[in-house]
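One letter stands for each residue in the lines below.
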Amino acid sequence: MHVAHLSLADFRSYARVEVPLDPGVTTFVGPNGQGKTNLVEAIGYLATLGSHRVAGDAPLVRQGAERAIVRAAVVQGERQQLVELEINPGRANRARINRSSQVRPRDVLGIVRTVLFAPEDLALVKGDPGERRRFLDELVTTRSPRMAGVRQDYDRVLKQRNALLKSAATARRGSGRVDLSTLDVWDQHLARAGAQLLAARLDLVAALHPLVDKAYEQLAPGGGPTALEYRASMGPMAAAGPEQLAQALLGALGEARKQELERGITLVGPHRDDLVLKLGELPAKGYASHGESWSYALALRIASFELLRADGAEPVLVLDDVFAELDASRRRRLAELVAPGEQVLVTAAVDEDVPAVLAGARFSVSDGTAVRAS
Ligand SMILES: Nc1ncnc2c1ncn2[C@@H]1O[C@H](COP(=O)(O)OP(=O)(O)OP(=O)(O)O)[C@@H](O)[C@H]1O
């Protein structure tokens, strides 16, 4: 698929901008702080309903404006769809497909698919487990948009359960009492949604690993092997489907209950899991060099691209400011690996940062405008 047109209103630094796009490579070039990343961030938002740079929506709305609108014409084979998201910080966002009446924002998931490379990706390797969970869940949702609903259910149940545990812990400290009769029901809900999420993550990790290993070898020959180890907060699990995982989660919640009541939070479940990235025998986090960590992060993204491609859903590849971060050989290898993508969008401060193999259309970005230069 590719994005044929991007239109923004009050998004980040843009009051209004219209960007017609072709398949193949397009580069956005311009000095720092002119709005290059803002353009690709908007496309990423359509794909994930989130930004790769910030957790909340408020910074995405142009200062002084109330709402931002991101609209894109998306071409998939013979089919063209118009997707529109209205970002309303503090209130519900709205979405429309083909100018229809309103749909839920999550209904647009799956229309735009992206794999986005950005300097922030280093955190996939060096950062907290939350970074890796987000990576897994975004990819799970891109592959199977219905999982966005499962994730939402899980988060909602977790919030309710945590509120109950917290009030129990507070009451306990003050020698008061809280009615815990609903806790078993929350456990059931949490285990059911959690098991679906867990099963999807485990499938993903199994499919991803050979592709990560191959990509790592291409980027840093002889530097592997890599291993992806899913570390569940409920302890080691035998491979299992959602039913067995739900039972295992329920059992683990039972075992953790005393401690959870004391601490006032949910201690087991997918929200506490990690994906341990290994290089050789050692975890990359804490052991890998800066260059190795970069290669690992890139390998995770390249593997995501290959996986989506193998699913038959060619994603848009976004390379946001990554070439400036890489040495010459990684730059060249990465460029060669992504060049065949149906649509590749690159941002760079200067043309020299972009390898020659990625020659294509070029936009000059400055001061709230994006003008096609070649
Ligand atoms: N909500 C907002 N309202 C107005 N301006 C914003 C908003 N969010 C970001 N900006 C502005 O957008 C600019 C940053 O844009 P962007 O990150 O796209 O830059 P860039 O061209 O990619 O720069 P670099 O090459 O440094 O990465 C900054 O000047 C920032 O002040």
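What you see is a predicted model, and the numbers here were worked out from it, not measured in a lab. (Residues numbered from 1 in each chain as written. Predicted model: local features only at pLDDT ≥ 70, side-chain atom pairs only at ≥ 80, totals over all residues. Heavy atoms only, no water.)

Brief notes about the site of the ligand
Piece 1. Around the ligand there are 16 residues in total, and Gly33, Thr37, Asn38, Arg53 and Pro59 lie nearest to it.
Piece 2. One nitrogen or oxygen atom from the main chain of Gly33 is found 2.7 Å from an oxygen atom belonging to the ligand.
Piece 3. Within the contact set of the ligand, a nitrogen atom lies 2.9 Å away from a backbone nitrogen or oxygen of Gln63.
Piece 4. Within the complex, the protein chains bury 70% of what would otherwise be the 650 Å² of accessible surface of the ligand. (Near = heavy atom within 4 Å. Polar contact = N/O pair within 3.5 Å; in protein donor to acceptor, adjacent residues only side chain to side chain. Areas by Shrake-Rupley, 256 points an atom, 1.4 Å probe, with all protein chains shown as cover.)

As for the pattern of salt bridges
Piece 1. Going through the model one piece at a time under the given rule, you end up with 31 salt bridges.
Piece 2. The closest approach of N and O atoms between Arg257 and Asp187, which form a salt bridge, is 2.8 Å. Linking Arg257 in helix α6 (residues 242-263) with Asp187 in helix α5 (residues 183-219), this pair joins segments that are 70 residues apart in sequence.
Piece 3. Residue Arg332 is joined to Glu336 by a salt bridge in which the shortest nitrogen-to-oxygen separation is 3.9 Å. Separated by four residues within a single helix, Arg332 and Glu336 lie in helix α8 (residues 328-338), roughly one turn from each other.
Piece 4. With a relative accessible area of 44%, Arg332 lands in the partly exposed category.
Piece 5. Through salt bridges that share partners, Arg161, Asp184, Asp187, Arg257 and Glu260 make up one connected network. (Salt bridge = Lys/Arg side-chain N within 4 Å of Asp/Glu carboxyl O. Helix = DSSP H or I, 4+ residues; strand = E, 2+ residues; numbered from the N terminus. Buried < 20%, exposed > 50% of the residue type's maximum accessible area, 1.4 Å probe, protein only.)

What to know about the layout of surface pockets
Piece 1. Computed from the structure, the largest pocket encloses a volume of approximately 860 Å³.
Piece 2. Forming the boundary of the largest pocket are 28 residues, of which Thr48, Leu49, Gly50, Arg151 and Gln152 lie nearest the centre.
Piece 3. The set of elements that each furnish at least two residues to the lining of the largest pocket consists of α1 (36-48), α3 (129-143) and α4 (147-173).
Piece 4. Sorting elements by how many residues they give to the lining of the largest pocket places α3 first, with five residues.
Piece 5. Residues that form the lining of the largest pocket fall into these classes: nine nonpolar, 10 polar and nine charged.
Piece 6. Taken domain by domain, the makeup of the lining of the largest pocket includes at least three residues from each of domain 1 (1-113 + 315-374) and domain 2 (121-312).
Piece 7. By volume, the second largest pocket is sized at about 410 Å³.
Piece 8. If you trace the second largest pocket, you find 20 residues lining it, with His52, Leu116, Arg134, Glu138 and Arg301 closest to the centre. (1 Å grid on protein atoms, 1.4 Å probe; cavity = no way out; pocket = protein on both sides within 12 Å on 5 of 7 lines; lining within 4 Å. Points joined across faces, edges and corners; volume = space filled by probe spheres on them. Nonpolar A, V, L, I, M, F, W, Y, C, P; charged D, E, K, R; others polar. Domains from an automatic or database assignment.)

Looking at the sheet that holds strand β5 (residues 79-87)
Piece 1. An order of β2-β1-β4-β5-β6 is seen for the five strands of this open sheet, with the pairing classed as antiparallel. The open sheet has two edge strands with one neighbour each: β2 (14-20) and β6 (94-97). Put simply, the sheet's adjacent strands are angled 10° from each other on average, direction ignored.
Piece 2. When strand β1 (residues 2-11) meets strand β4 (residues 68-76), the two strands line up antiparallel, connected through seven bridges. Residue His2 lies in a different strand from β4, and its bridge partner there is Val75.
Piece 3. Strand contacts of α1: β1, β2, β4 and β5, with the helix running at about 110° to β1, the strand carrying the most contacts. (Pairing = 2+ DSSP bridges. Axes fitted to C-alpha atoms, helices over the stretch in contact; angles between N-to-C directions. Contact = heavy atoms within 4.5 Å.)

Some words on the side chain of Asp121
Piece 1. Mapped onto the elements of the fold, Asp121 is located in the loop between β7 (114-117) and α2 (122-126).
Piece 2. Under the relative-accessibility criterion, Asp121 is labelled buried at 5%.
Piece 3. Sequence-distant contacts of Asp121, that is, excluding residues within four places in its chain, are made with Leu116, Ala297 and Arg301.

A short note on the packing of α3 against α5
Piece 1. With their axes 10 Å apart at the nearest point, α3 and α5 run at an angle of 90° to one another. In terms of orientation, α3 lies roughly perpendicular with respect to α5. Between α3 and α5, the residues in contact are Arg133, Phe135, Leu136, Asp137, Leu139, Val140 and Arg143 and Leu197, Ala200, Arg201, Leu204, Val205, Ala207 and Leu208, respectively.
Piece 2. Partitioned by chemical class, the residues of the contact of α3 with α5 number 10 nonpolar, no polar and four charged. (Parallel < 35°, antiparallel > 145°, perpendicular 65-115°, else oblique.)

In short, shape yes, function no, at least from these values alone.
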